[in-house]
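Working through the structure, step by step
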Amino acid sequence: MNWDKLLSDKRIRKSSKQNSNDIRNDYESDLGRIIFSPALRRMHDKTQVFPLTDDDNIHTRLTHSNEVMSLSYTFGLKCAKSSKIQKKTGKNETDLFRIIPIILQGISFIHDIGNPPFGHFAEEVIANYFDKIECNPLIHDDVKEIFKNLTPHQRNDFKFYDGNAQGLRMITKLQYLDDVFGMNLTYSILGSYLKYPNSYTKEIDKSKKEELKELKKQKKANIAEGKHGVFQSEDKYFKKIIKECGLTDSTGRIIRHPLCFLMEAADTIAYRVMDIEDGFSKGYITINCIKEAFSKNTSEIAKTIVKKCDEPNVNDEARMIFVRIALIDYLVTLAFNNFENNIDLIEQGKYHKELVEDDDENIHQILSNICIDKIFSTREINHLETTGYSVIKGLLNHYINQLFNPDEKFTDRAIALISSSIINVALEEDMPNFINQKFDILKKEIEDKNEDNDSKTTMLKSLKGKINTYASSVLQSESEVEIVYNPIKELRTEIYKDFNDLGGQINFNDLSDYYKFRVIVDFISGMTDQYALSHFQKISGQKIA
């Protein structure tokens, strides 16, 4: 791997600094864009473990991400001080200090930015909903047929829906600032964000157990292929990210960015340890539970944890903090040592373990077992997840039936409730497709009217050329030509104006079926827990205001 490419400060669209006095580098600029983004702000009301909780002491997705960021920053400092990483990158400690720690902070903040309301549970609800859509009695048969006629990759975007893939869409497009480049982050951030740089492009039937079993084996064999990590809508950007960062091995197989392993480790440490602290705060876990779990392990760290559980002259709240500190210290040291010792294998795409799970002492498994036994099976979580299930499924039923209804009055009512920026992104992505489809219709209408024919024919030819230029330079994203904001914005404005002058109109109904489904899932995924609940209650008539 080429670390100059891995740490690339280039962007898909060239960005000119608005403030010439800005002393930040591009990585620090990225961090600012992320911290001030509305999508990050919404994570304050998204589930970590306990949905819809009114307990301020319990983690939300945002507080979790803050902790992941803190741990990642530690990893970044360790990288900057590492002689091995300095040699790999060809940079000294001072230079690395303003690069790798900042990149790791950025990707830690956004690592869960695509998660829907109600956490990972909702990911499963959405995926299962579309996998079983043909059996849903509340969905019209013609809509089921429409979904069936999507390409395998397009269907898999929904049947294997994943927050990581939704997150890539969020950061590259859905923070809509008048173009389809989202936050327009550097390639180094985009590349290291990709936890699963992989797509399921072929048909996969979940009901075929042997095929799914084989799929799971493949996941185990290559950590980068663990999930359907890239939607078709982001495929062009994805290919450009992979090319720019050099994320392929000697055979051309796509592999993970090395820094992604450190972000993943920070994430795992944060939720493994802090889920237990949340369980303790809720009263589901006691210090004695923790002591008992670690007493069965003879490692030095296990003995340390047992000792912290018996710390004299302090209360259990203090003991819990001592346990947390000891566990985090152990796991951070373990993870970075594994990263540094296996960096060559990681660069070759031959290291397929999580850094914290590559542990002879098996500490991560002890923590996992505590959570499974004492937290995830609790009545409170099951009750609230049942609420989340009803909300997500109800929202999907409503918007799919409304937006695919042939009666425009139903479609218009639903569109009025959806964020206009989400619809604008889809329209801009799909614009070359639907305008080209309408092109021949417009041409025939102009010829039939036979009025000012030469002038309008010239306009049609000009429009065709502009659409092709727009598609190849922006949405295809494989051109080496530098993409600049103002020319692209001007070109899009001209296309819209020319199309309108020729008698064409652009609206939601012009979108392809795939992008109509995309709009629905984008809208629901961006909701907070409370907004999703409130919105569902309103559209189902349970609540007026």
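Now for a quick tour of the structure. Numbers given to residues run from 1 along each chain, matching the order in which its sequence is written. For this predicted model, a pLDDT threshold of at least 70 governs which residues receive local features, and a threshold of 80 or more governs which side-chain atom pairs are given and counted, while totals over whole chains, interfaces and linings are taken from all residues. Hydrogens and water molecules were not included; the side-chain quantities draw on all heavy atoms of the structure.

**Focus on the packing of aromatic side chains**
Side-chain rings of Phe, Tyr and Trp (the six-membered ring for Trp) are treated as a pair once their centres are within 6.5 Å; stacked means planes under 30 degrees apart, edge-to-face means over 60, and tilted covers the remaining angles. Taken as a whole, this structure holds 16 aromatic pairs when the rule is applied. Taken together through their ring pairs, the aromatic side chains of Tyr129, Phe130, Phe147, Phe158, Phe404, Tyr514, Tyr515 and Phe517 make up a single cluster. Note on geometry: a ring has a charge over it if NZ (lysine) or CZ (arginine) is within 6 Å of the ring centre and within 35 degrees of the ring normal. When the ring centre of phenylalanine 231 is taken as reference, the NZ or CZ atom of arginine 518 above it lies at 4.2 Å.

**A short note on the pattern of salt bridges**
Two side chains with opposite charge may pair up if their charged atoms get near one another. Salt bridges are identified by distance alone: a Lys or Arg side-chain nitrogen within 4 Å of an Asp or Glu carboxyl oxygen. Under the defined criterion, the tally for this structure stands at 31 salt bridges. Via salt bridges that share partners, Arg169, Lys173, Glu234, Glu429, Arg518 and Asp522 belong to a single interconnected network.

**Observations concerning the environment of leucine 396**
One can find leucine 396 in helix H21 (residues 379–403). Each residue is placed in one exposure class: buried if its accessible area under a 1.4 Å probe, protein chains only, is under 20% of its type's maximum, exposed if it is over 50%, and partly exposed if it falls in between. Look at leucine 396 and you get buried, because its relative accessible area is 1%. The sequence separation of leucine 396 and threonine 469 amounts to 73 residues, and the corresponding C-alpha distance is 36 Å. Note on contacts: a residue pair is in contact if any heavy atoms of the two residues lie within 4.5 Å. Discounting residues that sit within four places of it in the chain, leucine 396 has contacts with Ile126, Tyr129, Phe130, Ile520 and Ile524. To qualify as a helix, a DSSP run of H or I must reach at least 4 residues; to qualify as a strand, a run of E must reach at least 2; elements of each kind are numbered from the N terminus.

**Section: helix H27 (residues 529–539)**
Residues of H27 that are buried include every one of Asp529, Ala532, Leu533, Ser534, His535 and Phe536, and no others. At the exit of H27 stands glycine 541, carrying a positive phi of roughly 80 degrees.

**A closer look at the packing of helix H4 (residues 61–81) against helix H15 (residues 258–282)**
Running from amino to carboxyl end, H4 crosses H15 at an angle of 135 degrees, the nearest separation of the two axes being 8 Å. Considered as vectors, H4 and H15 are oriented oblique to each other. In this structure, H4 crosses over H15, and the sense of that crossing is right-handed. The residues of H15 that touch H4, namely those facing His64, Glu67, Val68, Leu71, Ser72, Phe75 and Cys79, are Leu262, Met263, Ala265, Ala266, Asp267, Ile269, Ala270, Tyr271 and Met274. Its residues assigned to classes, the contact of H4 with H15 shows 12 nonpolar, two polar and two charged. In this description, a line fitted to the C-alpha atoms serves as the axis of each element, helices being fitted only across the stretch in contact, and the angle between N-to-C directions of two axes falls anywhere from 0 to 180 degrees. Small angles under 35 degrees read as roughly parallel and large ones over 145 as roughly antiparallel, with 65 to 115 read as roughly perpendicular and the rest as oblique. By definition, turning the near helix anticlockwise from the far helix through less than a right angle yields a left-handed crossing, and turning it clockwise yields a right-handed one. Basically, the charged four are Asp, Glu, Lys and Arg, the nonpolar ten are Ala, Val, Leu, Ile, Met, Phe, Trp, Tyr, Cys and Pro, and anything else, Gly included, counts as polar.

**Description of the nonpolar core**
Within the largest apolar cluster, 96 residues are counted, with the highest numbers of intra-cluster contacts made by Phe75, Ile100, Leu262, Ile290, Phe294, Ile305 and Phe339. A per-element tally of this core places H15 first, with 13 residues. Residues in contact with isoleucine 305, not counting those within four places in the same chain, are Ile290, Phe294, Val323, Ala326 and Leu327. Only buried residues count toward a nonpolar core. Its members are Ala, Val, Leu, Ile, Met, Phe, Trp, Tyr and Cys residues joined through side-chain atoms within 4.5 Å. In this structure, Ile392, Ile423, Leu463 and Tyr514 belong to the second largest nonpolar core, which totals 59 residues.

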